[in-house]
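# What the coordinates show
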Amino acid sequence: FATMGIAFTQYNAIQAPSWAGLGNFQRLFSSPLVRLSLRNSLAFLALAVPLRLVGALCLAHLLQPRRRLFGLYRAGVFLPTIIPNVAYSLLWLWILNPLYGPLNLLLQALHLPAPTWLVEPQSARLAMVIISFFQIGEGFVVLLAGLRNIPRAYYDSAQVDGASHWQVFWNITLPQLAPWLLMLTFRDLIVSLQNSFSPTYVLTYGGPYYATTFVPLLVYELAFDFFDLGMAAALLVLVYCFIALAVMGALHLLGLRGSDVDG
């Protein structure tokens, strides 16, 4: 509520806030930097969220059986999720080093191009997607639980009918996991956007050439670099609206799914 109140004021944290009405929102929509940050954020989410979902689904399906060492593998998948974001970002600063980073050394050993990851705009954006991809532990656990909740009788019937592994996955596993995947899609839209702050702050601070200036970083810059807390709060209110719409959309679609199942 305080953020919403500040969004309608001019406030620099030194003088008392003065009423600005919709002035901050008008400045937001007319600012090229705000529009750029929104485009960067949408492009990042369009790449990161599907990759995170596909990665979590594939690993959950692969590591679902109760076999020797699979518990250790599951822990390995979950480990990057519990590493503090700053430490995780600093680790990637070493991995992505263009001279002695292990990723580029591996690419060179395979005779593949070794990008200068955080130096060029395109490779910097791709680096942020790669960094986000490995923090899929929570989605992995959710989908693992979803797979184990599918009745075994479905698979036994499909085996009796002679269905292939692909047919079983496409006609049984995927439809049964649809509500879980839908929930994770909206959750990852929110989490991926929020978690983009630490890597961009630690690794690039929005560069190069504003290529990794995402909305959370711009909110921080407006508030603590330019001391324009009113405009920062207005941009944060827009993020709140996006989150609210995402949650409402998820609840609506899950409700429709539940109605279809009941019917």
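Residues numbered from 1 in each chain as written. Predicted model: local features only at pLDDT ≥ 70, side-chain atom pairs only at ≥ 80, totals over all residues. Heavy atoms only, no water.

### Considering the overall build of the protein
On a plain count of helices and strands, the protein comes out with 13 helices and 2 strands. Considered along the principal axes of its C-alpha atoms, the protein spans approximately 75 × 55 × 25 Å. A buried classification covers 39% of the 263 residues belonging to the protein. Intrachain contacts of the protein at a sequence separation of at least 6 include 65% that bridge at least 24 residues. Approximately 15000 Å² of the protein is accessible, and the part contributed by carbon and sulfur atoms is 69%. Both charge centroids of the protein, one from 13 positive and one from 10 negative side chains, sit 7 Å from each other. (Helix = DSSP H or I, 4+ residues; strand = E, 2+ residues; numbered from the N terminus. Buried < 20%, exposed > 50% of the residue type's maximum accessible area, 1.4 Å probe, protein only. Contact = heavy atoms within 4.5 Å. Areas by Shrake-Rupley, 256 points an atom, 1.4 Å probe, with all protein chains shown as cover. Lys, Arg positive; Asp, Glu negative; His and termini not counted. Charge placed at Lys NZ, Arg CZ, Asp CG, Glu CD.)

### Things to note about the packing of helix H11 (residues 197-204) against helix H12 (residues 215-224)
Two elements in contact, H11 and H12, have axes whose closest approach is 8 Å; the angle formed by their N-to-C orientations is 65 degrees. When the axes of H11 and H12 are compared, the crossing they make is right-handed. Between H11 and H12, the residues in contact are Phe197, Thr200 and Tyr201 and Pro216, Leu217 and Tyr220, respectively. Partitioned by chemical class, the residues of the contact of H11 with H12 number 5 nonpolar, 1 polar and no charged. (Axes fitted to C-alpha atoms, helices over the stretch in contact; angles between N-to-C directions. Left-handed = near helix turned anticlockwise from the far one by under 90°. Nonpolar A, V, L, I, M, F, W, Y, C, P; charged D, E, K, R; others polar.)

### Let's talk about empty space enclosed by the protein
Counting across every chain of the model gives 2 cavities of 30 Å³ or more. The computed volume of the largest cavity comes to approximately 90 Å³. Mapped by element, the contributors of at least two residues to the lining of the largest cavity are helix H3 (32-62), helix H7 (121-133) and helix H10 (165-195). Looking at the lining of the largest cavity residue by residue, the classes come out as 5 nonpolar, 5 polar and 1 charged. Considering only enclosed or pocket space, the second largest cavity measures out at about 40 Å³ in volume. Contributions of two or more residues to the lining of the second largest cavity are made by H3 and H10. Here the lining of the second largest cavity is composed, by residue class, of 4 nonpolar, 1 polar and 3 charged. (1 Å grid on protein atoms, 1.4 Å probe; cavity = no way out; pocket = protein on both sides within 12 Å on 5 of 7 lines; lining within 4 Å. Points joined across faces, edges and corners; volume = space filled by probe spheres on them.)

### A look at the packing of aromatic side chains
Going through the model one piece at a time under the given rule, you end up with 14 aromatic pairs. Relative to tyrosine 220, the ring of tyrosine 201 has its centre 5.3 Å away and its plane inclined at 80 degrees; by these criteria the two rings are edge-to-face. Residue tyrosine 201 is found in helix H11, and its partner tyrosine 220 is found in helix H12; the two are separated by 19 residues along the sequence. Its relative accessible area of 24% is what places tyrosine 220 among the partly exposed residues. Joined through ring pairs, the aromatic side chains of Phe197, Tyr201, Tyr205, Tyr220 and Phe224 make up one cluster. (Phe/Tyr/Trp six-rings, centres within 6.5 Å; stacked < 30°, edge-to-face > 60°.)

### Quick notes on helix H5 (residues 85-95)
Every buried residue of H5 is listed here: Tyr88, Ser89, Trp92 and Ile95. For H5, the angular spread of the buried residues around the axis is 110 degrees, confining them to a single face. On its buried face, H5 is in contact with helix H4 (70-82), helix H6 (102-109), H7 and H11. (Arc of directions from axis to C-beta.)

### Examining the layout of surface pockets
Of the volumes computed, that of the largest pocket is approximately 690 Å³. Forming the walls of the largest pocket are 20 residues, and the residues nearest its centre are His61, Gln64, Arg152, Tyr155 and His165. Contributions of two or more residues to the lining of the largest pocket are made by H3, helix H8 (137-148), helix H9 (152-160) and H10. Split into classes, the residues belonging to the lining of the largest pocket amount to 10 nonpolar, 6 polar and 4 charged. Its volume calculated, the second largest pocket comes out at about 220 Å³. If you go around the second largest pocket, the residues you meet are Phe29, Leu38, Ser41, Leu42, Leu45, Leu193, Val215, Leu235, Leu238, Val239 and Phe242. For the lining of the second largest pocket, the secondary-structure elements that each account for two or more residues are H3 and helix H13 (229-262). The residue makeup of the lining of the second largest pocket, split by class, is 10 nonpolar, 1 polar and no charged.

### A few points about the environment of aspartate 188
Position of aspartate 188 relative to the elements: it lies in helix H10. According to the relative accessible area criterion, aspartate 188 is buried, its value standing at 5%. Between the C-alpha atom of aspartate 188 and that of isoleucine 136, which follows or precedes it by 52 residues, the distance is 9.3 Å. If we skip the residues at most four places from it in the chain, aspartate 188 touches Val49, Arg52, Leu53 and Leu193. Within the local environment of aspartate 188, its side chain forms a polar contact with the side chain of arginine 52, the two groups lying 3.0 Å apart. (Polar contact = N/O pair within 3.5 Å; in protein donor to acceptor, adjacent residues only side chain to side chain.)

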